[in-house]
Structures are given as C-alpha cells and as structure tokens.
Amino acid sequence: MNQRRNQNIALPGFMVAELNALQRDERGKIICANLPDLQSGDIDTFYKKVREHSNATRWDYILFRNSDQRVWYVEFHEGTSDGYSDVVKKLQWLKIMINDPSTELCVFRNLCSVEYFWLRTGKNMLHPASKQAKQLAKNKELKYQATLTID
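Residues numbered from 1 in each chain as written. Predicted model: local features only at pLDDT ≥ 70, side-chain atom pairs only at ≥ 80, totals over all residues. Heavy atoms only, no water.

Section: the confidence of the model for the protein chain
How we decide: Per residue, pLDDT captures the predictor's confidence, and it can take any value from 0 to 100. In what follows, residue pairs with any heavy atoms lying within 4.5 Å of each other are defined as contacts.
Averaged over all residues, the pLDDT of the protein chain is 91; the fraction at 70 or higher stands at 95%. Across residues 1-7, confidence stays below pLDDT 50; counting only partners more than four residues off in sequence or on other chains, it has 24 contacts.

Observations concerning the sheet that holds strand β6 (residues 61-65)
Where we set the bar: Any two strands are treated as partners once DSSP identifies two or more bridges connecting them. The helix count covers DSSP runs of H or I at least four residues long, the strand count covers runs of E at least two residues long, and both are numbered beginning at the N terminus. Angles shown run from 0 to 180 degrees and are taken between the N-to-C directions of axes, each axis being a line fitted to C-alpha atoms and, for helices, limited to the stretch in contact.
Across the sheet, 6 strands lie side by side as β3-β5-β6-β7-β8-β9; this open sheet has mixed pairing. The open sheet terminates on both sides in strands that have one partner only, identified here as β3 (15-17) and β9 (142-145). Within the sheet, the average angular offset between the axes of one strand and its neighbour, ignoring direction, is 30 degrees. Summarising the sheet, β6 and strand β7 (residues 70-78) pair through 5 bridges and their orientation is antiparallel. Bridge pairing in β7 places R65 opposite R70. Sitting on the sheet, helix α3 (residues 81-99) touches β7, β8 (113-121) and β9, and the angle it makes with β7 is about 150 degrees.

Here's the deal with the pairing of β9
The following threshold applies: Buried means the residue's accessible area, taken with a 1.4 Å probe over protein chains only, is under 20% of the maximum for its type, while exposed means over 50%, and partly exposed covers the values in between. The crossover handedness rule: strands pointing away from the viewer, path from first strand over the helix to second strand clockwise, crossover right-handed.
Of the two faces of β9, only the one carrying L142 and Y144 is buried; K143 and Q145 on the other face are not. In this view, the connection linking β8 to its parallel neighbour β9 by way of helix α4 (residues 131-138) has right-handed handedness.

Concerning the packing of aromatic side chains
How two aromatic rings sit relative to each other is given by the distance of their centres and the angle of their planes. Using the following cut-off: Centres within 6.5 Å are what make two rings of Phe, Tyr or Trp a pair, Trp counting through its six-membered ring; a difference in plane orientation under 30 degrees is then read as stacked, over 60 as edge-to-face, and the rest as tilted.
In the structure shown here, the tally under the stated rule is 8 aromatic pairs. Both rings, one in Y47 and one in W93, keep their centres 5.5 Å apart while their planes meet at 80 degrees; by these two values the pair is edge-to-face. Of this pair, Y47 sits in helix α2 (residues 43-48) while W93 is found in helix α3, placing the two residues 46 residues apart along the sequence. W93 sits in the buried class, given a relative accessible area of 11%. With centroids separated by 6.3 Å and ring planes inclined at 40 degrees, the aromatic side chains of Y84 and W118 adopt a geometry described as tilted.

Right, dumping it as structure tokens:
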C-alpha cells in the first residue's frame, strides 16, 4: 500500500492537499473555512486502475481533516431517480472497501466522524414525492444536497 505519514494515521498515496483531487468545476461545491488542513482523494480514479475494481460502481471522493480526524465521502451525481439507484450502489461498494483490511480506505474505518454526501449535479432534483426521495429521507446516513460546507 502506497502511504504517506500524517500526524496520526498513514494516509493512502492518492490523498493530496486541499481539494486538489476534485475536478475544478466540483471544487466550487465544497465550502471550507480552513483548506490547508484538508486533504482529498479521488477514490474513483484510484480504484479504476485496480483490476478487481475496474468495472465496479465506485464512489467519487474522500475528504479528510487530520486536526479532528473527520472524514467526508462525497459523490457528485445527477439528482434523479436513476441517480439515486446509482448512488446507493456506490455507497454499498464504498462501505465494503472501507471495511476490507486489504484496501487503502481501511485506515479511515475507525474514525468517529464519518459522513456520506451525495452532491447533486445538473439541474434535476429528486421530486419530494418520489419513491426515491422518500427512501432517501429514511436513510439517515446519506445526505443529499447541492453543496457541502465544512466548518
């Protein structure tokens, strides 16, 4: 495992400073008061190169703040009914990866503050009365929104 040492945990080698792992147009959807303390990683691109995960439905990004050991998993995806199904599949894959001790993501599995965000892209939004919106409302773990503010 390619790792770089940070104060408290060995970070995977795909982690980079601030929001630099995100595509330029996605960075504007993340608002963070203290960027120098934040690191980001492109989960999708990293695992696309791993043969056994190259065809998986992969999650997009991880954001990590070392000072308080907080993790935000962020998925940018269209805000549609079909998008909901895709994001749920990606979240299932991500949880398997986090809990697998042989993966790079396992170093984050025992941290106290972990949050999962679906940041919608495009102009579409889930209709509040849709089956998917109701399922999402019951899912207290996955947060669906347009932007993410990190305090």
